[in-house]
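Observations on the three-dimensional arrangement
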Amino acid sequence: MWRDPATGTAYRKAYYEAHKPEILAQQREYVAGVLAGPDAEKYRDDMRQRVKKWKKSPKGMANNRRYMRERIRALRAEFLEVFGHRCACCGETDEVFLTIDHINGGGKAPRKAPGGAQHSMLYSIKKMGWPRDKFRLFCMNCNWATRKGDPCPHVVRQADEMLAGVLCA
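Residues numbered from 1 in each chain as written. Predicted model: local features only at pLDDT ≥ 70, side-chain atom pairs only at ≥ 80, totals over all residues. Heavy atoms only, no water.

**A few points about the overall build of the protein chain**
When helices and strands are tallied, the protein chain shows eight helices and two strands. Seen in sequence order, the protein chain has helices and strands lined up from the N terminus as α-α-α-α-β-α-α-β-α-α. Buried positions account for 18% of the 169 residues belonging to the protein chain. For the protein chain, long-range pairs separated by at least 24 residues make up 60% of all intrachain contacts whose partners lie at least 6 apart in sequence. (Helix = DSSP H or I, 4+ residues; strand = E, 2+ residues; numbered from the N terminus. Buried < 20%, exposed > 50% of the residue type's maximum accessible area, 1.4 Å probe, protein only. Contact = heavy atoms within 4.5 Å.)

**What about a positive patch on the surface?**
A cluster of basic residues, R65, R66, R69 and R73, forms a positive patch at the surface. Residue classification places R65 among the partly exposed residues on the basis of a relative accessible area of 47%. (Patch = residues over 30% accessible without salt bridge, like charges linked within 9 Å, V, L, I, M, F, W, Y side chains within 5 Å. Areas by Shrake-Rupley, 256 points an atom, 1.4 Å probe, with all protein chains shown as cover. Salt bridge = Lys/Arg side-chain N within 4 Å of Asp/Glu carboxyl O. Lys, Arg positive; Asp, Glu negative; His and termini not counted. Charge placed at Lys NZ, Arg CZ, Asp CG, Glu CD.)

**Remarks on the nonpolar core**
Counting 18 residues, the largest nonpolar core has F79, C87, I100, W130 and C142 as its most contacted members. Those elements giving two or more residues to this core turn out to be α4 (58-83), β1 (98-102), α6 (118-127) and β2 (135-139). What F79 contacts, discounting residues up to four positions off in sequence, is I100, L122, W130, R136 and L137. (Core = buried A, V, L, I, M, F, W, Y, C linked by side-chain atoms within 4.5 Å.)

Don't take any of this as a statement about function, it's just geometry.
And the structure:
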(Lines give C-alpha, C1' and ligand atoms only; values in the text may rest on other atoms or scores of the structure.)
Protein backbone atom coordinates (compact mmCIF):
# COMPACT_ATOMS: atom_id res chain seq x y z
CA MET A 1 0.00 0.00 0.00
CA TRP A 2 1.27 3.48 -0.85
CA ARG A 3 1.58 6.10 1.83
CA ASP A 4 0.55 8.75 -0.64
CA PRO A 5 -2.85 7.98 -2.22
CA ALA A 6 -1.94 10.04 -5.30
CA THR A 7 0.95 7.67 -6.05
CA GLY A 8 -1.40 4.67 -5.97
CA THR A 9 -3.92 6.45 -8.18
CA ALA A 10 -1.22 7.37 -10.69
CA TYR A 11 0.06 3.77 -10.72
CA ARG A 12 -3.43 2.33 -11.26
CA LYS A 13 -4.13 4.78 -14.10
CA ALA A 14 -0.82 4.00 -15.78
CA TYR A 15 -1.39 0.25 -15.39
CA TYR A 16 -4.91 0.52 -16.83
CA GLU A 17 -3.72 2.52 -19.84
CA ALA A 18 -0.86 0.07 -20.47
CA HIS A 19 -3.15 -3.00 -20.24
CA LYS A 20 -6.45 -1.55 -21.43
CA PRO A 21 -7.15 -4.01 -24.30
CA GLU A 22 -6.58 -7.08 -22.08
CA ILE A 23 -8.65 -5.65 -19.21
CA LEU A 24 -11.56 -4.80 -21.51
CA ALA A 25 -11.38 -8.23 -23.16
CA GLN A 26 -11.52 -9.91 -19.73
CA GLN A 27 -14.50 -7.76 -18.74
CA ARG A 28 -16.36 -8.57 -21.96
CA GLU A 29 -15.62 -12.29 -21.52
CA TYR A 30 -16.85 -12.21 -17.92
CA VAL A 31 -20.06 -10.33 -18.77
CA ALA A 32 -20.76 -12.62 -21.75
CA GLY A 33 -20.33 -15.66 -19.48
CA VAL A 34 -22.60 -14.26 -16.81
CA LEU A 35 -25.26 -13.21 -19.32
CA ALA A 36 -25.24 -16.70 -20.84
CA GLY A 37 -25.39 -18.47 -17.46
CA PRO A 38 -28.32 -19.45 -15.24
CA ASP A 39 -28.11 -16.22 -13.22
CA ALA A 40 -28.40 -13.94 -16.23
CA GLU A 41 -31.71 -12.34 -15.22
CA LYS A 42 -30.48 -11.78 -11.67
CA TYR A 43 -27.32 -10.15 -13.05
CA ARG A 44 -29.34 -7.88 -15.35
CA ASP A 45 -31.65 -6.85 -12.50
CA ASP A 46 -28.65 -6.16 -10.28
CA MET A 47 -27.03 -4.04 -12.99
CA ARG A 48 -30.27 -2.10 -13.55
CA GLN A 49 -30.53 -1.40 -9.83
CA ARG A 50 -26.91 -0.26 -9.63
CA VAL A 51 -27.30 2.02 -12.64
CA LYS A 52 -30.54 3.45 -11.24
CA LYS A 53 -28.88 4.07 -7.87
CA TRP A 54 -25.83 5.65 -9.52
CA LYS A 55 -27.97 7.97 -11.65
CA LYS A 56 -29.65 9.24 -8.46
CA SER A 57 -26.31 9.89 -6.75
CA PRO A 58 -24.89 13.44 -6.91
CA LYS A 59 -22.00 12.31 -9.11
CA GLY A 60 -24.32 10.39 -11.45
CA MET A 61 -26.75 13.30 -11.70
CA ALA A 62 -23.91 15.72 -12.48
CA ASN A 63 -22.55 13.34 -15.11
CA ASN A 64 -26.00 12.96 -16.68
CA ARG A 65 -26.52 16.75 -16.75
CA ARG A 66 -23.14 17.21 -18.43
CA TYR A 67 -23.95 14.49 -20.99
CA MET A 68 -27.37 15.97 -21.75
CA ARG A 69 -25.94 19.50 -22.06
CA GLU A 70 -23.44 18.25 -24.63
CA ARG A 71 -26.12 16.36 -26.58
CA ILE A 72 -28.49 19.33 -26.56
CA ARG A 73 -25.69 21.69 -27.62
CA ALA A 74 -24.81 19.38 -30.52
CA LEU A 75 -28.46 19.02 -31.52
CA ARG A 76 -28.97 22.80 -31.42
CA ALA A 77 -25.82 23.29 -33.51
CA GLU A 78 -27.19 20.83 -36.07
CA PHE A 79 -30.55 22.67 -36.09
CA LEU A 80 -28.80 26.02 -36.64
CA GLU A 81 -26.68 24.51 -39.42
CA VAL A 82 -29.74 23.18 -41.24
CA PHE A 83 -31.78 26.38 -40.82
CA GLY A 84 -28.96 28.77 -41.66
CA HIS A 85 -27.72 30.58 -38.48
CA ARG A 86 -29.93 33.59 -39.32
CA CYS A 87 -33.38 34.83 -38.32
CA ALA A 88 -35.72 34.26 -41.27
CA CYS A 89 -37.41 37.61 -40.62
CA CYS A 90 -34.89 40.24 -39.53
CA GLY A 91 -31.55 38.54 -40.25
CA GLU A 92 -30.28 38.40 -36.62
CA THR A 93 -27.21 36.15 -36.46
CA ASP A 94 -26.36 36.04 -32.73
CA GLU A 95 -27.06 32.39 -31.86
CA VAL A 96 -28.04 33.28 -28.30
CA PHE A 97 -31.17 35.03 -29.64
CA LEU A 98 -32.17 32.42 -32.24
CA THR A 99 -34.98 29.97 -31.55
CA ILE A 100 -37.48 27.61 -33.19
CA ASP A 101 -40.63 29.10 -34.69
CA HIS A 102 -43.63 26.98 -35.64
CA ILE A 103 -44.86 28.37 -38.95
CA ASN A 104 -48.49 27.41 -38.33
CA GLY A 105 -48.39 28.04 -34.57
CA GLY A 106 -49.05 25.29 -32.04
CA GLY A 107 -45.65 25.39 -30.36
CA LYS A 108 -47.12 25.42 -26.87
CA ALA A 109 -48.65 21.93 -27.03
CA PRO A 110 -45.39 19.94 -27.36
CA ARG A 111 -43.74 22.03 -24.62
CA LYS A 112 -46.61 21.46 -22.20
CA ALA A 113 -46.74 17.71 -22.87
CA PRO A 114 -45.03 15.46 -20.30
CA GLY A 115 -41.29 15.62 -20.84
CA GLY A 116 -41.69 18.55 -23.21
CA ALA A 117 -38.75 20.90 -23.45
CA GLN A 118 -36.79 22.57 -26.19
CA HIS A 119 -34.41 19.64 -26.57
CA SER A 120 -37.27 17.13 -26.89
CA MET A 121 -38.78 19.40 -29.54
CA LEU A 122 -35.42 19.44 -31.34
CA TYR A 123 -35.32 15.62 -31.22
CA SER A 124 -38.83 15.50 -32.71
CA ILE A 125 -37.93 17.97 -35.45
CA LYS A 126 -34.81 16.00 -36.29
CA LYS A 127 -36.81 12.76 -36.38
CA MET A 128 -39.19 14.41 -38.89
CA GLY A 129 -36.19 15.27 -41.09
CA TRP A 130 -35.90 19.00 -40.23
CA PRO A 131 -39.08 20.00 -42.15
CA ARG A 132 -38.72 23.58 -43.38
CA ASP A 133 -42.43 23.82 -44.18
CA LYS A 134 -43.38 23.48 -40.48
CA PHE A 135 -40.49 25.21 -38.69
CA ARG A 136 -38.20 28.16 -39.24
CA LEU A 137 -35.45 29.95 -37.39
CA PHE A 138 -36.50 33.22 -35.77
CA CYS A 139 -34.88 35.52 -33.24
CA MET A 140 -36.70 35.82 -29.92
CA ASN A 141 -38.12 39.25 -30.83
CA CYS A 142 -39.65 38.08 -34.10
CA ASN A 143 -40.89 34.86 -32.50
CA TRP A 144 -42.53 36.76 -29.65
CA ALA A 145 -44.08 39.34 -32.01
CA THR A 146 -45.70 36.66 -34.19
CA ARG A 147 -46.98 34.42 -31.39
CA LYS A 148 -50.65 35.42 -31.76
CA GLY A 149 -50.68 35.26 -35.55
CA ASP A 150 -49.76 38.92 -36.04
CA PRO A 151 -47.12 39.79 -38.64
CA CYS A 152 -43.66 40.64 -37.39
CA PRO A 153 -43.01 44.40 -37.00
CA HIS A 154 -40.02 44.06 -39.35
CA VAL A 155 -42.30 42.88 -42.14
CA VAL A 156 -44.87 45.59 -41.41
CA ARG A 157 -42.17 48.29 -41.34
CA GLN A 158 -40.71 47.07 -44.66
CA ALA A 159 -44.17 47.06 -46.24
CA ASP A 160 -44.81 50.60 -44.96
CA GLU A 161 -41.46 51.81 -46.34
CA MET A 162 -42.15 50.19 -49.70
CA LEU A 163 -45.65 51.68 -49.80
CA ALA A 164 -44.30 55.13 -48.84
CA GLY A 165 -41.70 54.84 -51.61
CA VAL A 166 -44.37 53.99 -54.17
CA LEU A 167 -46.68 56.82 -53.03
CA CYS A 168 -43.88 59.40 -52.98
CA ALA A 169 -42.64 58.49 -56.42
